Structure formats: C-alpha cells, structure tokens
Amino acid sequence: MKLNSFLWPALAGITAATDSAPQHAEAYMLRHTKQTTTSNPPSIPNSLAEAILLQRLSSPDQPSALGQIPQSIDEDEAISYINEFAKPARPLFDSSNADEPKQLVIAFSGISALQYKQLKAAIPRVPLAFTAPGLGRLPAKVTSGCAFGPSINPKEGKCWSGQTQYLQYDVTKDSNIVKQLSLNLAALKSYANKGLMETTIVFLDSSAPSSSHDESELRRRQLNFQQKDGSALAETATNTKTTFVESLHKSGSDGGGAAKAYDALAGRPTVVPHCFASQNACETATSSCSGHGTCVDRWAKEDTDNTCFFCHCGKTIEEDRLGREHLNYWGGSMCQKRDISTPFWLFAGVTITLVATVAFSISLLFTVGEEKLPGVIGAGVSRSK
C-alpha cells in the first residue's frame, strides 16, 4: 500500500506531462504585411497546411507540386486560408521577384511537453497563424548547411541559394537550438518589418506518423510534377475540380475578360503542354488561346489516328486612346505574347544599315584625305620675289 501511495503521484505527474504535450502542429508567422491576430486560430487539414508551407518555399524555378483540396473542407474556406497564409500571387505573366521578400520556414520536431513550453517562451508575441493536426513532417529538403545564425540571415549569400530557405531541427538532438531561436527573434522581426524576409516557424506534430512523408513521397511528388504526358495533362485541363495550384484569374487586357490558367500558389503561369487530346481541352486550358487564336489539330491533314491540338495564333486590330488602329501579331503556347519580331528586325536592320553607311563614309573620306597631291599642282605655284 505504501508503494502504491508513492507510485500514484508519479504516474499522475507523467500523465499530466503527457496531456500538456502538443497534440497538433502549430505555425507561427512573421510577415511584412499587417497581420490580424485572433484568439482562436483556425485548425486546417494537414494536407492543406502542407500545401501552404510548400507554397511559401516555392519559386518560379521550383514550383510546388500539389494535389486536390481535401474533401473534409469546403473549397471556399480552403481558398480563403490559402489567400490568408500563403504567399501573395504575382500578376499574370509577371516573372520578376525583385520586390518580394525572401521566405524562411523553420520546422521543429521531437517536441515534448517541456520543450514545447521552452519554444513558446522563445517566441513571445509571435502570432499563431493556424494549427494542423497530424502534420508530422514536410516533404522538403534542408537547403542550408550553415549554422543557425547565418542560415536565417537573408543577406548571407553563402548560406542562401535562392529566395527561399528551409530549416528543420530535432530539439531532442539539439537542445541549444531553442536558445538560438530566442536570441535571433529580434532579427527575424526586423527582417519581416523591413520586407527583406518573412519567417514561418512550425512546431511539428510529434505524435503523427512520418512514414507517409518520407523521401520516397518527395521523389514521387517531383516525378508527378515533371511528367508531361499529353493525355494526363489534357484530362487535368478538363477537370472541373479546384486544385491547389490551379485557379482562374480574369484578365481585363483582352477586353473580353477571358479566364487564364494560373499557378496561384507558386505565383507563376502554369506550364502549358505542346499538344492536347481534344479541342475542348485545348480551349479550356488556354482560355480559347487567350482570344488571339484558335485551337487546331496539327495532324488533321494527315491520315493518322494521332491528335495534337495546339494554339494557332493570329493577328488582331486594336485601337489606342487616340483612336488609331494598330495591327498586332501574337505568339506563345497560349497566344499570350505579342509578336514584335517584325518591328524589331525592321528597326535593327535600319539602325545597322545607317551605322554601317556612316562608318563607311567616314572611312572613305579619311582614306581620300591621306593621299598625296599630284606634282602638277605643285609645279604651277611660283615663289614670289
């Protein structure tokens, strides 16, 4: 009985410590834009949370390959979370990222109840953006081999290879990392306020199984994204379900408000295949060739069972503000690019011709001036007495 009286308090303490351990993943964000804090942050599915975090790590050169919106959440609600927590999407056809802040994601795993309290104390007054039950690991690779201090410095070129940085630490193996986070928190806030870098701190769910998010999952996602099979892409183009990386943006530049396929999470236009399986798939994916062409079958005139629909670009006549008409030619896989090759070569050809003519004239005059005068002219000149 005496032994049990000692064991029960110990077991109760262990149970209390276990109950206070985090039961879900938590994401804290330091952003350049104004943040709205709430006492009740949303709890979103782990797949959607993973999509948002991968989008913050994406770039035009390495966009994230994502799947469909989970059925456990409404599409409008999921899109609202993406718009709130993901990187803002750049305008259509804008590939410049000079004014965008760099993105840093720091993930902590192996968090116990005590370490959770220490991590919370290390980041005071950092708003909790959202929680994600079951998010135990991100299918991303650590992009820096430097120490913690240089790795979180966006001005350290040796430790940054691009616009994004992903760091992951196991607090059970590196107990000093919590102290490093606390010491560098002021610098992270300063980078966010100046618009140099936005930071996302993630406490991963230690109770979630990590087998579903191993290296094979990462390789599978990369292979699926790189695969460019025409029939698969055509089926994706005609699918009416909303996906993480597909949305429709209205463009007012063409006058008709045509919808254009756009990679909303990666912040860049989607990759358009060279061939589509049907005319409907071509028109759906390219918004009827952006209103500047028609979808035609490349092999229509040949006796073959293969089909390859693509955008055959044409020309349009547009008026400027003064009412003058201009003839525009279009090109590109979606007929979204203005073809300026003819004016360019005309301007370049005239400029090169004028420069060559002036250079030849100057060299000819210089050559004639260097020749000696004939002796007959010199003989006719007499010296005055």
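Conventions adopted
Residues numbered from 1 in each chain as written. Predicted model: local features only at pLDDT ≥ 70, side-chain atom pairs only at ≥ 80, totals over all residues. Heavy atoms only, no water. Helix = DSSP H or I, 4+ residues; strand = E, 2+ residues; numbered from the N terminus. Buried < 20%, exposed > 50% of the residue type's maximum accessible area, 1.4 Å probe, protein only. Contact = heavy atoms within 4.5 Å. Areas by Shrake-Rupley, 256 points an atom, 1.4 Å probe, with all protein chains shown as cover. Patch = residues over 30% accessible without salt bridge, like charges linked within 9 Å, V, L, I, M, F, W, Y side chains within 5 Å. Salt bridge = Lys/Arg side-chain N within 4 Å of Asp/Glu carboxyl O. Lys, Arg positive; Asp, Glu negative; His and termini not counted. Charge placed at Lys NZ, Arg CZ, Asp CG, Glu CD. Phe/Tyr/Trp six-rings, centres within 6.5 Å; stacked < 30°, edge-to-face > 60°. Pairing = 2+ DSSP bridges. Axes fitted to C-alpha atoms, helices over the stretch in contact; angles between N-to-C directions. Arc of directions from axis to C-beta. Core = buried A, V, L, I, M, F, W, Y, C linked by side-chain atoms within 4.5 Å. Disulfide = S-S within 2.5 Å.

Would you mind showing me how to read the overall build of the protein chain here?
Secondary structure assignment for the protein chain yields twelve helices and twelve strands. Sorting the 385 residues of the protein chain into buried and exposed places 36% on the buried side. Within the protein chain, residue pairs in contact and separated by at least 24 positions form 71% of the contacts whose partners lie at least 6 positions apart. As displayed, the protein chain offers around 23,600 Å² of accessible surface, 56% of which is attributable to carbon and sulfur atoms.

Can you walk me through a negative patch on the surface in this structure?
Taken together, the side chains of Asp74, Glu75, Asp76 and Glu77 define an acidic patch exposed on the protein surface. By the element assignment, Glu77 lies in helix 3 (residues 75-85). Under the relative-accessibility criterion, Glu77 is labelled partly exposed at 35%.

It is not clear to me how the packing of aromatic side chains should be interpreted in this structure. Could you clarify?
Any aromatic ring pair is given by two values, namely how distant the centres are and how the planes are angled relative to each other. Inspection of the entire model under this criterion finds eight aromatic pairs. What links up through ring pairs into an aromatic cluster is the set Tyr28, Phe108, Tyr116, Phe148, Tyr169 and Phe203.

Looking at this structure, how should I read the sheet that holds strand 3 (residues 128-132)?
Remark on secondary structure: sheet strands pair via backbone hydrogen bonds, oriented parallel or antiparallel. One open sheet accounts for five strands, arranged 3-1-5-2-4; its pairing is mixed. Each edge of the open sheet carries a strand with a single partner, namely strand 3 and strand 4 (164-170). Put simply, the sheet's adjacent strands are angled 15 degrees from each other on average, direction ignored. Judged from the seven bridges that link them, strand 2 (residues 102-109) and strand 5 (residues 197-203) form a sheet pairing that is parallel. Bridge pairing in strand 5 places Ala107 opposite Val202.

Is there a simple way to think about helix 3 in this case?
When helix 3 is considered as a whole, its buried residues turn out to be Ala78, Tyr81, Ile82 and Phe85. Along the axis of helix 3, the buried residues cluster in a sector spanning 100 degrees; they form a single face. The exposed set on the far side of helix 3, more than 90 degrees from its buried face, consists of Asp76 and Asn83. Among the structural elements, strand 1 (25-30), helix 2 (46-56) and strand 3 are those in contact with the buried residues of helix 3.

Please clarify how the nonpolar core should be interpreted in this entry.
Most often, soluble globular proteins keep nonpolar side chains buried together rather than apart. Among the nonpolar cores identified, the biggest contains 28 residues, and Leu104, Ile106, Phe108, Leu119, Ile123, Leu181 and Phe203 are the most heavily contacted of them. Mapped by element, the contributors of at least two residues to this core are strand 1, strand 2, helix 4 (113-122), strand 4, helix 6 (177-183), helix 7 (185-194) and strand 5. When residues in this core are grouped by element, the largest group, four residues, is from helix 7. Ranked by size, the runner-up nonpolar core spans 25 residues in total, among them Leu48, Ala49, Phe130 and Leu204.

Teacher, can you tell me more about the sheet that holds strand 10 (residues 315-319) here?
With antiparallel pairing, three strands are arranged side by side in an open sheet as 10-11-12. Taken across any chain shown, the strands that pair with only one partner, and hence form the sheet edges, are strand 10 and strand 12 (337-339). The mean inter-strand angle of the sheet, taken between neighbouring strand axes irrespective of direction, is 50 degrees. Bridge analysis of strand 10 against strand 11 (residues 325-331) gives five bridges, and the strand direction is antiparallel. When the bridges of strand 11 are listed, Ile317 appears paired with Leu327.

How should I be thinking about the state of the cysteines in this particular structure?
Covalent bonding between the sulfur atoms of two cysteines is what defines a disulfide. Enumeration over the complete set of coordinates arrives at five disulfides. A sulfur-sulfur distance of 2.2 Å marks the disulfide that ties Cys282 to Cys295. With the S-S bond torsion at -80 degrees, the cross-link from Cys282 to Cys295 turns out left-handed. With a gap of 13 residues between them, Cys282 in helix 10 (residues 279-286) and Cys295 in strand 8 (residues 293-297) connect regions that are remote in the sequence. A residue is classified by how much of its surface remains accessible, and Cys295, at 8% relative accessible area, is buried.

Looking at this structure, I do not really get the pattern of salt bridges. What am I missing?
For side chains of opposite charge, pairing can occur when their charged atoms come near one another. On inspection of all chains with the given rule, the structure shows two salt bridges. A salt bridge links Arg56 to Glu198; the shortest N-O distance between them is 2.7 Å. In this pair, Arg56 sits in helix 2 while Glu198 sits in strand 5, placing the two residues 142 residues apart along the sequence. Accessibility classification places Arg56 together with Glu198 in one group, the buried group. Its salt-bridge partner being Asp320, residue Arg324 comes within 3.1 Å of it at the nearest N-O pair. For Arg324, a relative accessible area of 48% puts it in the partly exposed group. By relative accessible area, which is 25% here, Asp320 ends up partly exposed.

Teacher, can you tell me more about the pairing of strand 1 here?
In summary, the side chains of a regular strand alternate between the two faces of the sheet. Most of strand 1 is tucked away: six of the six residues are buried. Neither face of strand 1 is left uncovered, since the one carrying Ala25, Ala27 and Met29 and the one carrying Glu26, Tyr28 and Leu30 both have all their residues buried. Sheet analysis places strand 1 next to strand 3, joined by four bridges and oriented antiparallel. What sits directly across from Ala27, in strand 3, is Phe130. As paired elements, strand 1 and strand 5 share five bridges and run antiparallel to each other.

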